[in-house]
Each structure stands twice: as C-alpha cells, then as structure tokens.
Amino acid sequence: MHGWNCPHSYFITRTSDYSIKTRNRCVLGGGGGRESVVSACDMKCGITYFKTAGIVLSSLHVLAYLNLPIICKGEGCRTVPLAGHVGFDSLPDQLVNQSISQGFCFNILCVGETGLGKSTLMDTLFNTKFEGEPATHTQPGVQLQSNTYDLQESNVGLKLTIVSTVGFGDQINKEDSYRPIVEFIDAQFEAYLQEELKIRRLLHNYHDSRIHACLYFIAPTGHSLKSLDLVTMKKLDSKVNVIPIIAKSDAISKSELTKFKIKITSELVSNGVQIYQFPMDDEAVAEVNGTMNAHLPFAVIGSTEELKIGNKMVKVRQYPWGTVQVENEAHCDFVKLREMLIRVNMEDLREQTHSRHYELYRRCKLEEMGFKDTDPDSKPFSLQETYEAKRNEFLGELQKKEEEMRQMFVQRVKEKEAELKEAEKELHEKFDRLKKLHQDEKKKLEDKKKSLDDEVNAFKQRKTAAELLQSQGSQAGGSQTLKRDKEKKKTREEKSISDGTCTTPGKHPVVPCALVVCAV
C-alpha cells in the first residue's frame, strides 16, 4: 500500500526533543535526534507503510529504528519488542542516500504580462543565469515555453523546469488567454496518469513535469487587480498552487504598496480565488508560515546586478535617486519569497501538487472512465468488477450505436433509392418530352421540305414553259424580220430602176452607164 493512494496523510517529524508530531489521528511518542518527514497511509493492525523519496517503508521499521512505542487507535495494535539489534535502523540513512542519488525535481510556472520581469526574478531566485531563447511576442495567442535545467548545490541535485507564458496579456481580446495555460497543466497531469496506468511502469525514472508552483506576477498599478488576473487565477486555483506576487514593487511607494496588498487580498477573497497558503499544521514551521501568510502577496524585485556595499557584494537595482537592495527585507519581500518557496515549503508544494491537485484530476478522469470506490450498497468495488461493468456497458453502447447506425444506413439507403427513382422518373418524363418535341420538329421540317420541293418543281415547270415560249418567239421574230428585209430590198431595187440607176446583184450599187460613157 502506498501513501499516495490512501485517504489519510500523516506527516511525522522527529524533533530534537525526542517527540513525534503528526498531522492526523495517529500519535507516536519516543526520542530521536534528527528530523525526517514521511507520509503514511491508514494504520491497520499496527502496520503502516510510509513513503518518502519514492521508497515504501513499514511503520514498524521506522518505529523500531526510533525505538518508539506504538500508540494508535483501533483494535489489534500491539508492541513487538526486539531481543537485540537487527539492523534496519539504517533505513532512514538509506532513504536519504537514495534520494540524494536520484535527485529532486521542481517545476515552476511563471504567469504574467510581458515586461514584468519574470525571467529576471527566476535568475535572482536561483542565483544563476538561465540561458534561453528570447521570446518574440509576435504570436497571435499565448504560447507556453518550457526550459529544464540541472542545478547542483552541495551534493543535492535539482532538475528545475521553468515554464513561461509568452504573449500573455498582449492580445486585444484577452477572453481566452487562460485556456492554453489550463490545457498545459492538464496535459502534464494526463501524461503522469498515463504513466501510472501502464502495465509496466517506470515512475522512479519518470521525469515528473507536473507544475508544483505557479508564480502569478501582478502589475504594480497600485489600484486593483485586472479582470484578466482574477479570471486566470480563478481558473488555475484548483489545478496548481498559485502564489501571487507583485512584480517590480519598487515602482510604487511603500504606503501605496500596503494599500495595494490589502486591495488584492480583499478582491481575491470576494471572488473566491483560493491561493496557496503555507502549511500551519507543522509546529516546527507553523509560526514562520503564519507570519508569511500575512505578507501575501509578496512584493518582489529582481536583479542580477551586483554592487559592493560595505564589505560584501549585494544584488541591487540602481536609480538616479538611490539604490534598491534585492535581499534587503526593508526594501522588498524577495527574501521572504525565497525562504517560503525554496528553503521551507518546496516539499509541501510538491506534496500538495500530488495529493490535492493531481488526485482531483485523477479522480475526475477515473470517474469519467466508470471507476468508483463503492457501489450503491456502499460496498467496495473491485477493479475486475469495475472493468467487467464498464466493458459490458461499453459493449451495450457499442451494440446500441451499431443498431442505430444500421437503421440509419437502411433509412438513408431507402431515402437514396426514393431519390434515385424520382430522378429516374423525371429523366423518363424529360426524355419523353424531348422525344415528342423532336418528332414534332421533325414533322415540321418534313412538311416544310415537302412544300419547298413543290415550290421547286413548280418553278422548274414555269421555267421550262418560259424557255419554250421564248424559243418560239425568237423563231417567229426571225422569219418576220427576213420577210421585211426582202420587202425593203425589193422596194429599193424598184426605186433604183425608176431612178435610172443600175444595181448589181452584190451589196453595192452600180454606177449608171451614161455616166461612165461621159467620163470616158
């Protein structure tokens, strides 16, 4: 049994006064000399399984190592004394060594408008210069840019992932600016859930990309929160640990900053935004966490510029009117943020992400898949029964959908057949109309052709008759002309004789004889 699957969570701290402090109903007493935090599931028969750094450990082992009596509620608990040294008292050391060898991971999401100093604050928080590609801010929507870095401090390795929201607040229409952020967070939860549901899981080597902390950068306007800030934080508070911070807090005066913090807190409460509260149930850090909760939201300044003040180099921001020291608590809350985020509550942020936000996502997803903890009779469901019930339900839905699709197919086939028959009928009617029209046109053309042929024949007959008449007329005219010529000739001859002139049978007249004699 693993601690992250149990309904109860126990945080056991072994302090220097040899007492064990818990956050739930189990009370452990005894002595020790070191501090160790583990989570535990519900106790049954005196045996509890603790989980720390990915290692599952029996409560008897831990208590035996601590040499503590078991004081728990419930029947069946008993103390088992040891006759001598066994050796499992080295388990905490083994866990520490294994955790150090495996390393840790921490993922931060920076949400805020362009120009609020998100990258600079990350460089200042981890005292390094993170190299990344500069954002162009020309995208039409919000883009999430993720960069992973390997950090080393002493012998502890940390795989840090910084996710920045490029283009957040740059659009004219900011209505859906939060959607890419929510989808990104859900995608990381889904990837972890898919890894958990695999038959062969490799969670110990799996790079956990779930967001552990969301630093929400608020512009130092000094008036109130923007509607974009309220909507985005409201959408994110159930999915990630939201820590609001006022960026570039040196832009407003100290009195304005105090009023601005009060205004932000009242607006968050009135709008039902649940921001991350530093845990108060551990007495070792309850006092400091309670004090820091009163300072939320933190007013921070980021800078990588160093200046020598006195005998040490400090990070500052220099202005014409003076110098602002980043790590001076009188100037800003940067030190408070670093203490709460990294040095005190980093593990709690990781635990809250897993036990609260991821569990909520996992429960919703499994309920969507049909898995439940109990049946209607309040009896626990077994995985096999749930699987069979879901399988039967799925098969029933599949058959129902198949029947609906079959009926729909038959209906569509019938409708298509009716459409085709109607189209065929229309085509036949159109063909008949065109055929009749063609026959009518053909008949008209034949009638017209016949009439034209009759006209041509009549014309030919008239032409023949005209030619015959013309030939007859030409013959009659020629004989009359010849008769007239003969008559004219005869008349001329007679006239010539009467005038005493002689003529020859030829065409030319003959000169009279008397005239010829006279000439001689």
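This is a predicted model, so every value here is computed, not measured.

Caption draft 1: Broad picture of the packing of aromatic side chains. For the structure shown, the criterion picks out ten aromatic pairs. Seen from their ring centres, Phe168 and Tyr216 are 6.4 Å apart, and the 90° between their planes marks the pair as edge-to-face. Placement of Phe168 in the loop between strand E10 (156–166) and helix H4 (179–196) and of Tyr216 in strand E11 (residues 213–218) is noted, with a sequence separation of 48 residues between them. A residue is classified by how much of its surface remains accessible, and Phe168, at 0% relative accessible area, is buried. Clustering of aromatic rings is evident, with ring pairs tying together Phe189, Tyr192, Tyr206, Tyr358 and Tyr361. Across from the ring centre of Tyr192, 3.7 Å away, lies the NZ or CZ of Arg210, which sits over that ring. Across from the ring centre of Tyr358, 4.8 Å away, lies the NZ or CZ of Arg210, which sits over that ring.

Caption draft 2: Summary view of the sheet that holds strand E16 (residues 322–325). Spatially, three strands are ordered E14-E15-E16 in an open sheet, and the strand pairing comes out antiparallel. Strands at the two margins of the open sheet, each flanked by one partner only, are strand E14 (306–309) and E16. Strand-to-strand, the axes of this sheet are offset by a mean angle of 60°, without reference to chain direction. In terms of strand pairing, strand E15 (residues 312–319) meets E16 through four bridges, oriented antiparallel.

Caption draft 3: Quick look at the pattern of salt bridges. What the rule picks out here adds up to 20 salt bridges. Between Lys226 and Glu113 there is a salt bridge, and its shortest N-O distance comes to 3.1 Å. Here Lys226, found in the loop between E11 and helix H5 (227–236), pairs with Glu113, found in the loop between strand E8 (104–111) and helix H3 (118–125); they are 113 residues apart in sequence, far enough to count as distant. Asp333 is the partner of Lys336 in a salt bridge, and the nearest nitrogen-oxygen pair spans 3.6 Å. Side by side, Lys336 and Asp333 carry an identical accessibility label, which is buried.

Cut-offs and rules
- Sequence order sets the numbering: in each chain, residues are counted from 1 along the sequence as written.
- Note on the predicted model: pLDDT of at least 70 is required for a residue's local features to be given, and 80 or more for side-chain atom pairs to be given and counted; whole-chain, interface and lining totals, by contrast, use all residues.
- The side-chain values count all of the structure's non-hydrogen atoms but skip hydrogen atoms and water molecules.
- Aromatic pairing here means that ring centres of Phe, Tyr or Trp (its six-membered ring) are within 6.5 Å. Orientation follows from the plane angle: under 30 degrees is stacked, over 60 is edge-to-face, and everything else is tilted.
- A run of H or I in DSSP becomes a helix once it reaches four residues, and a run of E becomes a strand once it reaches two; helices and strands are each numbered from the N terminus.
- Any residue under 20% of the maximum accessible area for its type is buried, any over 50% is exposed, and the rest in between are partly exposed; the area is computed with a 1.4 Å probe on protein chains only.
- Charge-over-ring contacts are defined here by two conditions on Lys NZ or Arg CZ: a distance within 6 Å of the ring centre and an angle within 35 degrees of the ring normal.
- Paired strands are those between which DSSP finds at least two bridges.
- To obtain an axis, a line is fitted to C-alpha atoms, over the contacting stretch when the element is a helix, and the angle between two such axes runs from 0 to 180 degrees between their N-to-C directions.
- For this analysis, a salt bridge means a side-chain nitrogen from Lys or Arg found within 4 Å of a carboxyl oxygen belonging to Asp or Glu.

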